[in-house]
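# Close look at the chain arrangement
If you want the building blocks of each chain, they are given just below.
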There are 4 protein chains.
Amino acid sequence: MSAPHVFETEVFYEDTDMGGIVYHANYLKFIERARSAFVRGLGVDQLALRDAGTVFVVRRVAAEFLRPARFEERLEVRTAAVSATGVRMVLSQEVRRGADLLFRAEVELVCMGASGRPQRLPAGLAAALAG
Amino acid sequence: MSAPHVFETEVFYEDTDMGGIVYHANYLKFIERARSAFVRGLGVDQLALRDAGTVFVVRRVAAEFLRPARFEERLEVRTAAVSATGVRMVLSQEVRRGADLLFRAEVELVCMGASGRPQRLPAGLAAALAG
Amino acid sequence: MSAPHVFETEVFYEDTDMGGIVYHANYLKFIERARSAFVRGLGVDQLALRDAGTVFVVRRVAAEFLRPARFEERLEVRTAAVSATGVRMVLSQEVRRGADLLFRAEVELVCMGASGRPQRLPAGLAAALAG
Amino acid sequence: MSAPHVFETEVFYEDTDMGGIVYHANYLKFIERARSAFVRGLGVDQLALRDAGTVFVVRRVAAEFLRPARFEERLEVRTAAVSATGVRMVLSQEVRRGADLLFRAEVELVCMGASGRPQRLPAGLAAALAG
């Protein structure tokens, strides 16, 4: 597919732990921030969807923590679509500090409707991801 | 009023920061956990209230951070009612580690209705707090 | 190996998100709380290790999010050792609410020394995990 | 003193709670992010200070929560020095969304040295704050 989406974020004091590095669970927050910007860039309005009862739910994460990040470092999250079919999309996401790869994950999300049941991805999103 | 409500919690790795101590904003989480237990103990069902559109909103916090807490320490949160009138309640809360006072705050909460406007405290709660 | 270690925790207001359920990244916090109790139960003093420069670093997580958890629910985290060899241990962790399985993950941790290089697991821990 | 320092941040999904708004304790994170940028702009290198054993510790917060913020809103944090004397500085901080004032706080910080005792503010910082 096309070039990955790039999102920049920064390590704040709140992100660190007593090991002096970013607390591991916070990488999931970093890549979630990037996904919000990613789908927004594809024309998806998550707030409007939610008001209509539709949400994207994380179903599976396979993550590798490769190098630690530290306070005040600027990080780049790269997001690319792996697949998008029916109710499901799979994304590949990386966190980089300059040339260094710190973290990478494959994330599977399912689109859920107001009924609490999976529903097809919004047509525009599916088309954009397939593009 | 009566003896303070006591709630126990523990410092988890996630609560620490790169200073090796509990991240300051997390004390607000600790005392919020205690408030949930406190109002539950007074017969308030926050989930049922929320389904009916009623929530308690923090309106003001005056907090002092006196001594740091560290990983794996067991903390005790003491909560006492200062006042409860109309739409508003004021609580006094302390975080202690054994005999040491680590943190104390006065917290003002307002009861908000489905309209987004303040509404009177649930009658049972107001009576219990006045008790 | 032996019966899984059981750790109980509760969903606090801070754990929820605007979807009305537990924010997905917080399951990593729940299982990390359980790991701290798990290794402590095996005689490992993480604070003493850290003062000596030794920390356990999360290297890999493969997680499935199966059912949502909600405010005030009591959760049980079950932790079992999958393997423990050299510098590395692999744990299997589940989050349950009563009989319902909400989340499960396989977590790989590496023991890191003061030099920033991997070092062998503490002997007592390796023996206990192999037991 | 001079014009307030302005820092921009955004509400991420992780910042919300089941009330559909920003979880109250997270405003303390927002203003802490702004303080890091503020002191960095005054030439203070918090990482270098920390390596030398010096940290800024929050001693007191008096906060008012005026209006809720929601997912994806862009917020502006304004920070101004109130006083800076000896070991202590007091800042006034506001969170705004456009023209709306959402939150304001007065925050007192104390400079702590390697001994765990208060020490004088770095000379450059004290001068800059007095400017």
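This text gives an overview of the structure that appears in the document.

Parameters at a glance
- All residue numbers here refer to positions counted from 1 along the written sequence of the relevant chain.
- All chains are assigned letters beginning with A, and all ligands numbers beginning with 1, in the order in which they are written.
- Residues qualify for local features only when their pLDDT is at least 70, as the model is predicted, and side-chain atom pairs are given and counted only at 80 or more; totals for whole chains, interfaces and linings, by contrast, use all residues.
- Side-chain calculation: all heavy atoms of the structure are included, whereas hydrogens and water are not.
- Helix and strand labels come from DSSP, where a helix needs a run of H or I of at least four residues and a strand needs a run of E of at least two; each type is numbered from the N terminus.
- Throughout, radius of gyration means the C-alpha value; the globule benchmark is 2.2 Å times the number of residues raised to the power 0.38.
- To sort residues, take the accessible area from a 1.4 Å probe on protein chains only and compare it with the maximum for the residue type: under 20% means buried, over 50% means exposed, and anything in between is partly exposed.
- Under the convention used here, a 1.4 Å probe and the Shrake-Rupley method define accessible areas, while residue burial counts only the protein chains that appear.
- Alignment of the copies relies on least squares applied to C-alpha atoms, considering only residues that score at least 70 for pLDDT in both.
- When the centres of two rings from Phe, Tyr and Trp lie within 6.5 Å, Trp using its six-membered ring, the rings pair. Their planes under 30 degrees apart give stacked, over 60 give edge-to-face, and anything left gives tilted.
- Working rule for contacts: check all heavy atoms of both residues, and any pair within 4.5 Å makes them a contact.
- Defined here as a combined quantity, buried area equals the accessible surface (1.4 Å probe) lost by two parts on assembly, summed across both.
- The rule for a salt bridge is simple: a side-chain nitrogen of Lys or Arg has to be within 4 Å of a carboxyl oxygen of Asp or Glu.
- We call two N or O atoms a polar contact when they sit within 3.5 Å, provided that within protein one can donate a hydrogen and the other can accept it, with sequence-adjacent residues counted only if both atoms are side-chain atoms.
- Just so you know the grouping, Ala, Val, Leu, Ile, Met, Phe, Trp, Tyr, Cys and Pro go in nonpolar, Asp, Glu, Lys and Arg go in charged, and all remaining residues, Gly too, go in polar.
- Each pair of strands is called paired provided DSSP finds at least two bridges between the two strands.
- A fitted line through C-alpha atoms serves as each axis, taken over the contacting stretch for helices, and the angle formed by two N-to-C directions is quoted from 0 to 180°.
- Method remark: on a 1 Å grid restricted to protein atoms, a set of points is classed as a cavity if a 1.4 Å probe fits but cannot get out and as a pocket if it is open with protein on both sides within 12 Å along at least five of seven lines; lining residues have an atom within 4 Å of a point.
- Grid points are joined across faces, edges and corners, and a volume is the space filled by probe spheres set on the points.

## Overview of the overall build of chain A
Helix and strand counts for chain A come out as three helices and five strands. Starting at the N terminus and ending at the C terminus, chain A contains elements arranged as β-α-α-β-β-β-β-α. The C-alpha radius of gyration of chain A comes to 15 Å, within 12% of the 14 Å expected for a compact globule of 131 residues. Seen through its C-alpha atoms, chain A measures out along the principal axes to roughly 45 × 30 × 25 Å. Split into buried and exposed, the 131 residues of chain A put 51% on the buried side. Accessible surface computed for chain A: about 5400 Å², of which carbon and sulfur atoms make up 49%.

## Let's talk about the relation of the copies chain B and chain C
By a simple turn and slide, chain B fits onto chain C: the slide is 0.0 Å along the axis, the RMSD is 0.0 Å, and the turn is 180 degrees. Those values place the two copies in the arrangement expected of a two-fold rotation axis. The C-alpha atom lying nearest the rotation axis in chain B is that of Thr-9 of chain B; the distance is 5.2 Å.

## Digging into the packing of aromatic side chains
Residue and element names in this part refer to chain C. Applying the stated criterion across every chain, the model contains 28 aromatic pairs over all chains. Measuring from centroid to centroid gives 5.4 Å for Tyr-13 and Phe-71, while their planes differ by 80 degrees, and the two rings are edge-to-face. Placement of Tyr-13 in the loop between strand S1 (5–10) and helix H1 (26–41) and of Phe-71 in the loop between strand S2 (55–65) and strand S3 (74–85) is noted, with a sequence separation of 58 residues between them. In this pair, the class of Tyr-13 matches that of Phe-71, namely buried.

## A word on the interface of chain B and chain D
Across the contact, 20 residues belong to chain B and 20 residues belong to chain D. Between chain B and chain D, a total of about 1900 Å² is buried, with carbon and sulfur atoms accounting for 61% of that surface. When the buried surface of chain B facing chain D is broken down by residue, Met-18, Arg-59 and Phe-65 of chain B rank first, second and third, together holding 26% of it. Linking chain B with chain D are two salt bridges, by the criterion used here. Between Arg-59 of chain B and Glu-64 of chain D there is a salt bridge, and its shortest N-O distance comes to 3.8 Å. Within the residue set of the side of chain B that touches chain D, elements represented by two or more residues are helix H1 (26–41), helix H2 (46–51) and strand S2 (55–65) of chain B. In terms of residue count, S2 of chain B provides more of the side of chain B that touches chain D than any other element does, eight residues in total.

## Concerning the interface of chain B and chain C
In this assembly, 16 residues from chain B lie in contact with 16 residues from chain C. For the pair chain B and chain C, the summed buried surface comes to about 1700 Å²; carbon and sulfur atoms form 50% of the total. Seen at the junction of chain B and chain C, the total is six salt bridges. For Arg-40 of chain C, the salt bridge is made with Glu-10 of chain B, and the minimal N-O distance between the two is 3.2 Å. At the surface where chain B touches chain C, the tally comes to six residue pairs in polar contact (both at pLDDT 80 or more). Counting residues per element, the ones that place at least two in the side of chain B that touches chain C are strand S1 (5–10), H1 and H2 of chain B. Among the elements that line the side of chain B that touches chain C, the one with the most residues is H1 of chain B, at five residues. Taken together, the residues of the side of chain B that touches chain C break down into five nonpolar, three polar and eight charged.

## Thoughts on the sheet that holds strand S4 (residues 88–97) of chain B
Taken in spatial order, the ten strands of this open sheet run S1(B)-S3(B)-S4(B)-S5(B)-S2(B)-S2(D)-S5(D)-S4(D)-S3(D)-S1(D), and their pairing is antiparallel. Only two strands of the sheet have a single neighbouring strand rather than two, namely S1 of chain B together with strand S1 (5–10) of chain D. Neighbour to neighbour, the strand axes of the sheet diverge by 25 degrees on average, direction disregarded. By the bridge criterion, ten bridges tie strand S4 (residues 88–97) of chain D to strand S5 (residues 100–112) of chain D in an arrangement that is antiparallel. Counted as the bridge partner of Arg-88 of chain D is Val-110 of chain D from S5 of chain D.

## A look at the relation of the copies chain B and chain D
Think of it as a corkscrew move, a rotation about one axis and a shift along it, taking one chain copy to the other. Each copy of the sequence occupies a distinct position, and chain B is placed on chain D by a rotation of 180 degrees and an axial shift of 0.0 Å, giving an RMSD of 0.0 Å. By residue overlap, the copies meet face to face through one surface: 100% of the interface positions of chain B are interface positions in chain D.

## Some thoughts on empty space enclosed by the protein
Counted under the stated rule, the structure contains four cavities of 30 Å³ or more. In this model, the largest cavity occupies a volume close to 360 Å³. Considering the residues around the largest cavity, the lining is formed by 31 residues, among which Lys-29 of chain A, Lys-29 of chain B, Lys-29 of chain C together with Asn-26 and Lys-29 of chain D are closest to the centre. Put simply, the parts of the chain that give the lining of the largest cavity at least two residues each are helix H1 (26–41) of chain A, H1 of chain B, H1 of chain C together with helix H1 (26–41) of chain D. In this structure, the second largest cavity spans a volume of roughly 80 Å³.

## Structural notes on the side chain of Arg-33 of chain B
Following the sequence through the fold, Arg-33 of chain B ends up in helix H1. Arg-33 of chain B sits in the buried class, given a relative accessible area of 1%. When sequence neighbours within four positions are dropped, the list of residues in contact with Arg-33 of chain B reads Phe-7, Thr-9, Glu-10 and Asp-15 of chain B together with Phe-12 and Glu-14 of chain C.

## A word on the side chain of Glu-10 of chain C
Structurally, Glu-10 of chain C is set in strand S1. The exposure class assigned to Glu-10 of chain C is buried, which follows from its relative accessible area of 11%. Of the polar contacts made by the side chain of Glu-10 of chain C, one reaches the side chain of Arg-74 of chain C; its length is 3.4 Å. Each residue touching Glu-10 of chain C, except ones within four places of it in the same chain, is listed here: Arg-40 of chain B together with Asp-15, Arg-33, Glu-72, Glu-73 and Arg-74 of chain C.

## Here we look at the pairing of S4 of chain B
All names here are of chain B. Summarising the sheet, strand S3 (residues 74–85) and S4 pair through nine bridges and their orientation is antiparallel. Residue Val-77 lies in a different strand from S4, and its bridge partner there is Val-95. A loop of two residues connects S3 with S4, the two strands running antiparallel in sequence, and Gly-86 in this loop sits at a positive phi of about 60 degrees. The hairpin formed by S4 and strand S5 (residues 100–112) contains two residues between the paired strands, and Gly-98 there has a positive phi angle of roughly 60 degrees.

## A short note on the pattern of salt bridges
Under the counting rule described, the total for this entry stands at 52 salt bridges over all chains. One salt bridge in this structure joins Glu-14 of chain A and Arg-33 of chain D, with 2.7 Å as the shortest N-O distance. Taken as a pair, Glu-14 of chain A in the loop between strand S1 (5–10) and H1 and Arg-33 of chain D in helix H1 lie in two separate chains rather than in one. The class for Glu-14 of chain A is buried, based on a relative accessible area of 11%. Through salt bridges with shared partners, one network takes in Glu-10, Glu-72 and Arg-74 of chain A together with Arg-40 of chain D.

## Digging into the environment of Leu-47 of chain D
Examined against the element boundaries, Leu-47 of chain D turns out to sit in helix H2 (residues 46–51). Of the residues examined, Leu-47 of chain D reaches a relative accessible area of 29% and is grouped as partly exposed. Leu-47 of chain D has contacts with Phe-71 of chain A together with Met-18 of chain B, leaving out every residue within four places of it along the chain.

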